[in-house]
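Now for the letters of each chain:
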Amino acid sequence: MLYNVHFGIYVDVAMPVEDKSKSLLPFLSSPKLLPNESEVEFQAGLQSLLSELDNPSALAVALVSQLNECLWWIRRHTVDKELLLHEAMARLLSREGSNWMGSGNSALSVALEHYLNGSAQKDQAALIEEALIDANLTLSDLRAKAFKDAARHIKMVDDLIHRQHQTIRHLQRSIDSIDYKSRLIKRMDLELAALESKQPVKGVLSLDDEPS
Amino acid sequence: MTMNHRRSLANRCNALKSTGPRSASGKRASSQNSRKHGLNSAPDFESSLEYRALVELIAEEGFSGFACADIAAGLLNYRRVMDAYYDTYTSPQAVDEFLRDANMRASNPIFSKLLSPSGSEPQDVRDMAAFFASMQRQERRKGGPVSRRSADSYKLIRYQRNGIARLSRAVRQG
């Protein structure tokens, strides 16, 4: 059992996607993960989404897989927003402190990243603190300035996240449509069977039923 | 300024004198330099094995022949866009640290020497320095790797919008 980050529930990851139905996934390129990402967590997200569908069709599984990828992209872009801030902070420190260009932006970026994560070594912490004094800034001042400096790129990342939300909405509508279609076909089959046997059928779905 | 920096600067000055590729193969290769993701080219899904397999599987769900073809093409097209999105995200334009961190004022004597060892015109040196300064400004404006990958990914938004709209329309109309 694994914890699902999207919905805060525990799911069974042992159940393969192929068990759900004859899958379209082998014929589509699969979503790729970054080197530092966990495939188990990704699959857990997919399985938890699939578990919400009642007997999903092959097409529904393919669409849910795309939806899971969108959720993953939202996570990546959310992390990027914080990284953009860190990048801008390092840039500002490098610019403000006249003698810091010599050590290079990269060294300062790495030191700042560790400093903000709380994993900085002594020399890295000293470098950042000295740079802050040199630039006459506190960490919160620097963050505020960096936010202003990186605003253009943060707006871009916000748009990327918004795009993924829109894509999810499209996919949800498509999945609903498939679900409604399958219920309609089932209902027509039942009606046909009823006509053939000329007996009243119990449990036939109403036409007015909305997709779940 | 270290020897490496001197060499880099000399290489860049020499590169400015280049007139581009001369051979047919060089011209063919450089004609693809501006190609980024290939999403503007029309794909030929119909002849692929994946397309035919998808159409058959979708047909089992009760969709009409036309709808199956539309949905299969929509799915393949959407995956194509998302693959390009991933590639763009994972391989952003590299940061030119040399250009970004170079001290232009300290480079002026090197420009003078490179332009004419026997003594160059001050105007030429000023032009060269101004050119490098503008390149440095552009490089700095692009920001670090995260800024670059965000900006590069942002350019693919419209392809994603069109891709998912095509897929969604095909499924709902099917």
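Counting restarts for each chain: residues are numbered from 1 in the order of the written sequence. Lettering of chains starts at A and numbering of ligands starts at 1, both following the order in which they are written. Only residues with pLDDT of 70 or above have their local features reported here, since the model is predicted, and side-chain atom pairs are shown and tallied only from 80 upward, although totals for entire chains, interfaces and linings are computed over all residues.

**What about the overall build of chain A?**
- Think of it this way: any DSSP run of H or I at least four residues long counts as a helix, any run of E at least two long counts as a strand, and we number them from the N terminus. Check the secondary structure of chain A and you find six helices and two strands.
- The helix and strand sequence of chain A, counted from the amino end, reads β-β-α-α-α-α-α-α.
- Within chain A, the fraction of its 212 residues that count as buried is 31%.
- Any residue pair is listed as a contact if its two C-beta atoms, each placed from the backbone, are within 7 Å. If you take every contact in chain A between residues at least 6 apart in sequence, the share linking residues at least 24 apart comes to 63%. A residue is called partly exposed when the number of other C-beta atoms within 10 Å of its own lies between 12 and 20, exposed at 12 or fewer, and buried at 20 or more, with C-beta atoms placed from the backbone.

**So, the overall build of chain B**
- Across its full length, chain B carries nine helices and zero strands.
- When we talk radius of gyration, it's over C-alpha atoms, and the globule rule is simply 2.2 Å times the number of residues to the 0.38. Against the globule reference of 16 Å for 174 residues, chain B gives a C-alpha radius of gyration of 25 Å, more extended than a compact globule.
- Taking the principal axes of its C-alpha atoms as reference, chain B extends roughly 80 × 35 × 25 Å.
- For chain B, the residues scored as buried account for 26% of the 174 residues in total.
- Within chain B, counting contacts between residues at least 6 apart in sequence, those at least 24 apart form 73% of the total.

**Re the packing of helix H1 (residues 39-50) of chain A against helix H2 (residues 58-96) of chain A**
Residues and elements named next belong to chain A.
- The convention used is that axes are lines fitted to C-alpha atoms, helices contributing only their stretch in contact, and that angles between N-to-C directions extend from 0 to 180 degrees. Where H1 contacts H2, the axes come no closer than 9 Å and their chain directions differ by 130°. When the interaxial angle is binned, H1 and H2 end up oblique. Crossing of H1 against H2: the hand is right-handed. Between H1 and H2, the residues in contact are Phe-42, Gly-45, Leu-46, Leu-49 and Leu-50 and Val-61, Val-64, Ser-65, Leu-67, Asn-68, Leu-71 and Trp-72, respectively.
- Residue polarity follows a fixed list, in which Ala, Val, Leu, Ile, Met, Phe, Trp, Tyr, Cys and Pro are nonpolar, Asp, Glu, Lys and Arg are charged, and the others, Gly among them, are polar. Of the residues contributing to the contact of H1 with H2, the split by class is nine nonpolar, three polar and no charged. When an angle is under 35 degrees it counts as roughly parallel; over 145 it counts as roughly antiparallel; between 65 and 115 it counts as roughly perpendicular; any other value is oblique. Less than a right angle of anticlockwise turn of the near helix away from the far helix marks a crossing as left-handed, whereas a clockwise turn marks it as right-handed.

**Re the interface of chain B and chain A**
- Every contact between the two is made by 34 residues of chain B and, on the other side, 35 residues of chain A.
- Only helix H3 (49-59), helix H4 (65-90), helix H5 (97-101), helix H8 (145-154) and helix H9 (157-173) of chain B provide two or more residues apiece to the side of chain B that touches chain A.
- The residue inventory of the side of chain B that touches chain A, partitioned by class, reads 16 nonpolar, nine polar and nine charged.

**Side note on the nonpolar core**
- With 41 residues, the main nonpolar core has A:Leu59, A:Val64, B:Ile58, B:Ile71 and B:Ala72 as its most contacted residues.
- Taken together, the elements giving at least two residues each to this core come down to H1, H2 and helix H6 (151-197) of chain A together with H3, H4 and H9 of chain B.
- With near-sequence residues (within four places) excluded, B:Ala72 lies in contact with B:Tyr51, B:Leu54, B:Val55 and B:Ile58.
- We define a nonpolar core as a collection of buried residues of the types Ala, Val, Leu, Ile, Met, Phe, Trp, Tyr and Cys that are connected via C-beta atoms lying within 7 Å of each other. Grouped together as the second largest cluster of nonpolar side chains are 22 residues, A:Leu84, A:Leu85, A:Ala146 and A:Leu160 included.

**Description of the environment of B:Gln32**
Residues and elements named next belong to chain B.
- Mapped onto the fold, Gln-32 is located in the loop between helix H2 (24-30) and H3.
- Classification of Gln-32 by C-beta neighbours within 10 Å gives exposed; the count is 8.
- Along the chain, Gln-32 and Gln-138 lie 106 residues apart, while their C-alpha atoms are 23 Å from each other.

**Here we look at unusual backbone geometry**
Residues and elements named next belong to chain A.
- The backbone of Asn-55 shows a phi angle near 50°, a positive value even though the residue is not glycine.
- Here Asn-55 is to be found in the loop between H1 and H2.
- For Asn-55, a count of 9 C-beta atoms within 10 Å translates into the label exposed.
- The backbone of Asn-136 shows a phi angle near 60°, a positive value even though the residue is not glycine.
- Relative to the assigned elements, Asn-136 resides in the loop between helix H4 (122-135) and helix H5 (139-149).
- Here Asn-136 falls in the exposed class, since 9 other C-beta atoms lie within 10 Å of it.

**Notes on the packing of H6(A) against H8(B)**
- At a minimum axis distance of 9 Å, the contact between H6(A) and H8(B) shows a crossing angle of 45°. Taken together, the axes of H6(A) and H8(B) lie oblique to each other. The two elements H6(A) and H8(B) cross, and the hand of that crossing is left-handed. Contact residues: A:His153, A:Met156, A:Val157, A:Asp159 and A:Leu160 in H6(A); B:Ser147, B:Ser150, B:Ala151, B:Ser153 and B:Tyr154 in H8(B).
- When the residues that make up the contact of H6(A) with H8(B) are grouped by side-chain class, the tally is five nonpolar, four polar and one charged.

**A closer look at the environment of B:Ala94**
All names here are of chain B.
- Structurally, the position occupied by Ala-94 is in the loop between H4 and H5.
- Using a count of 8 C-beta atoms within 10 Å as the deciding quantity, one classes Ala-94 as exposed.
- C-alpha of Ala-94 to C-alpha of Arg-149: the two residues are 55 residues apart in sequence and 9.6 Å apart in space.

**Description of H1(A)**
- With 12 residues, H1(A) ought to run about 16 Å at 1.5 Å a step, and its terminal C-alpha atoms sit 16 Å apart, in line with that.
- All of the buried residues in H1(A) are A:Ala44, A:Gly45, A:Leu46, A:Gln47, A:Ser48, A:Leu49 and A:Leu50. To estimate the expected span of a helix, subtract one from its residue number and multiply by 1.5 Å.

**Here we look at the environment of A:Ser174**
All names here are of chain A.
- Note that Ser-174 resides in helix H6.
- Residue Ser-174 is classed as buried on the basis of its C-beta count, with 25 C-beta atoms lying within 10 Å.
- For the pair Ser-174 and Leu-59, spaced 115 residues apart in sequence, the C-alpha to C-alpha distance is 9.7 Å.

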